[in-house]
Amino acid sequence: ELNTGKEIILLKILIHGTKYQLLFIESPAGVGFSYNTQSPYVHTDSNTAMDNYRAVLDFFNKKFPEYRRNRFWIAGESYAGKYIPDLAVLLDKYN
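This structure is a prediction, so every number in the text was calculated from the model and none was measured.

(A) A look at helix α2 (residues 45-63). With 19 residues, α2 should cover 27 Å at 1.5 Å per step; its first-to-last C-alpha distance of 25 Å lies within 8% of that length. The complete set of buried residues in α2 reads T48, A49, N52, Y53, V56, F59 and F60. Where the residues of α2 are buried, they touch α3 (80-94).

Here it is as structure tokens:
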């Protein structure tokens, strides 16, 4: 409990960040909040799938190997209806 003098703020004991982790991958690279100032991107569904595959491998193998044994789900919205199955095929094929 935190009393600021004007209001009382109750702190939650269980928060999502202590039990669940989310990884957001923006794709294809160079859209949305990501940017590139060096060269134009050429996007295809297959190179986007491979970029996402490499990002997932990098995340689990190099940056955060402690999460490798956790359950893993893939979800997306909009055109991710194409990217997600392509990524799933690569993960299944090479892992």
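(B) Spotlight on the pattern of salt bridges. One pass over the structure, following the stated rule, counts 3 salt bridges. With a shortest N-O distance of 3.9 Å, R54 and D51 are connected by a salt bridge. With R54 and D51 both in helix α2 and 3 residues apart, the pair spans about one turn of that helix. Residue classification places D51 among the partly exposed positions, given a relative accessible area of 39%. K63 serves as the salt-bridge partner of D58, at 2.7 Å between the closest nitrogen and oxygen.

(C) Spotlight on the side chain of N52. In this structure, N52 sits in helix α2. Apart from the residues within four sequence positions on either side, N52 is in contact with I25, S27, Y83 and L87.

Cut-off values and rules
Residues numbered from 1 in each chain as written. Predicted model: local features only at pLDDT ≥ 70, side-chain atom pairs only at ≥ 80, totals over all residues. Heavy atoms only, no water. Helix = DSSP H or I, 4+ residues; strand = E, 2+ residues; numbered from the N terminus. Expected span 1.5 Å × (residues − 1). Buried < 20%, exposed > 50% of the residue type's maximum accessible area, 1.4 Å probe, protein only. Contact = heavy atoms within 4.5 Å. Salt bridge = Lys/Arg side-chain N within 4 Å of Asp/Glu carboxyl O.

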